[in-house]
Amino acid sequence: MNDRFLTKSLRIAKTEYIKWLRNPRMLIGGILVIVIYTLAVVPLLERAQKMGIPMNIFEPIIAVGNSGLLVLLLPSVFLILQSDYPVIEPNSLMYLSRTGKRAWLMGQILFSLMSIVTYLGVIFVAVGICSASGSYLGLEWSESTRFYAATFPDDADGFAASLLPPNLYNQISLGMTLVYTFSLLVLYFFLLTLVLLAFSLIKKRNLGLFCTYAIIMAGVVTCVVKADAMWAFPMANTIIWLHYTEILSTPIYPIGNSYLYFGCGIGVLLILCAVLIRRAEFESTEVLQ
């Protein structure tokens, strides 16, 4: 990869990133933050107040990435923000003719990673800010989380307790849970955007969008019924607590297998996109459908 190729790719990624940030659909992200605050932050703050012990500021962030409902909302909203990815319009074709197909493809891949990290980063920072008043900064699970079920056994099966189940705090450190949560969500979203990219290269954008939502919903259904088939879909591989039992130290499904799952899936899609870009035709000024 020479410097000229990388410069072209970065320029394309930057152009697409700026256009993405200026898209009016970004307002949906603000609505999502409000929903997350209501569903995750408020219940955890109330639980901490009930215990009389502050929670760790990272715990609501981890809850966002490990709640079945929120892990459904996060990729769904992201796909709405990326529903026209990759954007092909008349002015795009002008610089595409100067940069070449390979640089354009690399630029789109870099842009997808930039948008994913931005999306998740903003949400996680916003959740942290919303949680700041009733929390402290540290890398250990708070006592309000570890002892809540024992202190209030009648609430052990409630929604607030399910946000941070014992499968997490009994089995894995908070720091590693935070790393796993963010990195696996990035890989999950990256895989979905590569599906969109591959279908767009064969001018089947709408079919690609349908397939990504089908992947999400299949993951939801199999996770709800705890079917073994759930590990064939990205969602189960993204939710950390599903990998562990509450007490036994041996994992149900090794976390390393989930990274291998995403690595293989993303690798195959990258190769597929590299093959498809050679055959893609961009002469038309119409947006790919």
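The shown structure was predicted, so the numbers you read here are calculated from the model rather than taken from an experiment.

S.K.: Help me understand unusual backbone geometry in this model?
M.R.: Across residues other than glycine, the phi torsion is negative in most instances, and most of the peptide bonds are trans. With an omega of -10°, the peptide bond between Tyr85 and Pro86 qualifies as cis. Mapping Pro86 onto the fold places it in the loop between helix 4 (68-81) and helix 5 (90-99). The phi torsion at Lys203 lies on the positive side, around 60°, for a residue other than glycine. Structurally, Lys203 can be placed in the loop between helix 11 (174-201) and helix 12 (205-224). Judged by its relative accessible area of 41%, Lys203 is partly exposed. Non-glycine residue Lys226 carries a positive phi angle of around 55°. Among the secondary structure elements, Lys226 is positioned in the loop between helix 12 and helix 13 (234-238). Exposure remark for Lys226: the relative accessible area of 45% places this residue in the partly exposed category.

S.K.: Would you mind going over helix 1 (residues 3-21) with me for this structure?
M.R.: Note on helix geometry: an α-helix contains 3.6 residues per turn, so any two residues three or four positions apart are oriented the same way. Taking 1.5 Å of rise per residue, the 19 residues of helix 1 would be expected to cover 27 Å, and the 27 Å separating its terminal C-alpha atoms lies within 8% of that figure. Listed in full, the buried residues belonging to helix 1 are Phe5, Lys8, Ser9, Ile12, Ala13, Glu16, Tyr17 and Trp20. The arc that holds the buried residues of helix 1, viewed along the axis, is 165°, so those residues lie on one side. Projecting away from the buried face of helix 1 at angles above 90 degrees are the exposed residues Asp3, Arg4 and Lys14.

S.K.: So what exactly am I meant to see when it comes to the packing of helix 1 against helix 6 (residues 101-131) here?
M.R.: Following both chains from N to C, one finds helix 1 and helix 6 inclined at 45°, their axes separated by 7 Å at the closest point. On the basis of their axis angle, the class for helix 1 and helix 6 is oblique. With respect to the hand of their crossing, helix 1 and helix 6 are arranged in right-handed fashion. On helix 6, the residues that touch Phe5, Lys8, Ser9, Leu10, Ile12, Ala13, Glu16, Tyr17, Trp20 and Leu21 of helix 1 are Arg102, Ala103, Trp104, Met106, Gly107, Gln108, Leu110, Phe111, Met114, Ser115, Thr118 and Tyr119. Classifying every residue of the contact of helix 1 with helix 6 by side-chain character gives 14 nonpolar, five polar and three charged.

S.K.: How do you make sense of the side chain of Thr181 when you look at a structure like this?
M.R.: Within the secondary structure layout, Thr181 lies in helix 11. Judged by its relative accessible area of 1%, Thr181 falls in the buried class. Aside from chain neighbours lying at most four places away, what touches Thr181 is Ile62, Gly65, Asn66, Phe124 and Ile240.

S.K.: I tried to follow the state of the cysteines on my own but got confused; where do I start?
M.R.: Here a disulfide denotes one covalent bond, and it connects the sulfur atoms of two cysteines. Here the structure, examined in full by the defined rule, presents zero disulfides. Cys211 supplies the cysteine sulfur nearest to Cys223, a cysteine that is in no disulfide, at a spacing of 19 Å. Unpaired in terms of disulfides, Cys264 finds its nearest cysteine sulfur in Cys273, a separation of 16 Å. For Cys264, a relative accessible area of 46% gives the class partly exposed.

S.K.: Honestly, the packing of helix 6 against helix 14 (residues 255-279) in this entry has me stumped. Any pointers?
M.R.: When two helices pack together, their arrangement is captured by the angle between the axes and the distance separating the axes. Following both chains from N to C, one finds helix 6 and helix 14 inclined at 145°, their axes separated by 10 Å at the closest point. Read as a crossing pair, helix 6 and helix 14 show a hand that is right-handed. Along the contact surface, helix 6 presents Lys101, Trp104, Leu105 and Ile109, while helix 14 presents Leu270, Cys273, Ala274, Ile277, Arg278 and Arg279. Along the lines of polarity and charge, the residues of the contact of helix 6 with helix 14 split into seven nonpolar, no polar and three charged.

S.K.: Which parts of the structure should I look at to understand the packing of aromatic side chains?
M.R.: The geometry of two aromatic rings is summed up by the distance between their centres and the angle between their planes. By the definition in use, this model includes 13 aromatic pairs. Both rings, one in Phe78 and one in Tyr119, keep their centres 5.1 Å apart while their planes meet at 50°; by these two values the pair is tilted. Taken together, the residues Phe78 in helix 4 and Tyr119 in helix 6 connect sequence positions 41 residues apart. Classification of Phe78 as buried rests on a relative accessible area of 0%. Between Phe78 and Phe189 the ring centres are 5.2 Å apart and the planes differ by 15°, which places this aromatic pair in the stacked class. Of this pair, Phe78 sits in helix 4 while Phe189 sits in helix 11, and the two are 111 residues apart along the sequence. Each of the two residues, Phe78 as well as Phe189, counts as buried. A connected cluster of aromatic rings, assembled from ring pairs, spans Tyr17, Trp20, Tyr85 and Phe111. The side chain of Arg47 reaches across the aromatic face of Tyr148, ending 5.1 Å from its centre.

About the thresholds
The written sequence of each chain sets the order in which its residues are numbered from 1. Per-residue local features are limited, in this predicted model, to residues with pLDDT of at least 70; the limit for side-chain atom pairs, both in listing and counting, is 80 or more; totals at the level of whole chains, interfaces and linings are taken over all residues. Heavy atoms throughout the structure, all of them, feed into the side-chain values; hydrogens and water do not. Numbering of helices and strands runs from the N terminus, with a helix taken as a DSSP run of H or I at least four residues long and a strand as a DSSP run of E at least two residues long. Only protein chains enter the accessibility calculation, which uses a 1.4 Å probe; a residue is then buried when its area is under 20% of its type maximum, exposed when over 50%, and partly exposed in between. Multiplying 1.5 Å by the helix residue count minus one yields the expected span of that helix. Starting at the helix axis, one direction is taken to each C-beta atom, and the arc is that of these directions. Throughout, an axis means a line fitted to C-alpha atoms (over the contacting stretch in the case of helices), and angles, computed between N-to-C directions, take values from 0 to 180 degrees. An angle below 35 degrees is read as roughly parallel, one above 145 as roughly antiparallel, one from 65 to 115 as roughly perpendicular, and any other as oblique. For a crossing to be left-handed, the near helix must be turned anticlockwise from the far one by less than a right angle; the clockwise case is right-handed. For this analysis, residues touch if any pair of their heavy atoms sits within 4.5 Å. Charged means Asp, Glu, Lys or Arg here, nonpolar means Ala, Val, Leu, Ile, Met, Phe, Trp, Tyr, Cys or Pro, and polar covers whatever is left, Gly included. Criterion for a disulfide: a pair of cysteine sulfur atoms within 2.5 Å. Two rings from Phe, Tyr or Trp (for Trp, the six-membered ring) form a pair when their centres are within 6.5 Å of each other. A pair whose planes differ by under 30 degrees is stacked, one over 60 is edge-to-face, and the rest are tilted. For a lysine, the NZ atom is tested; for an arginine, the CZ atom; a charge sits over a ring if that atom is within 6 Å of the ring centre and within 35 degrees of the ring normal.

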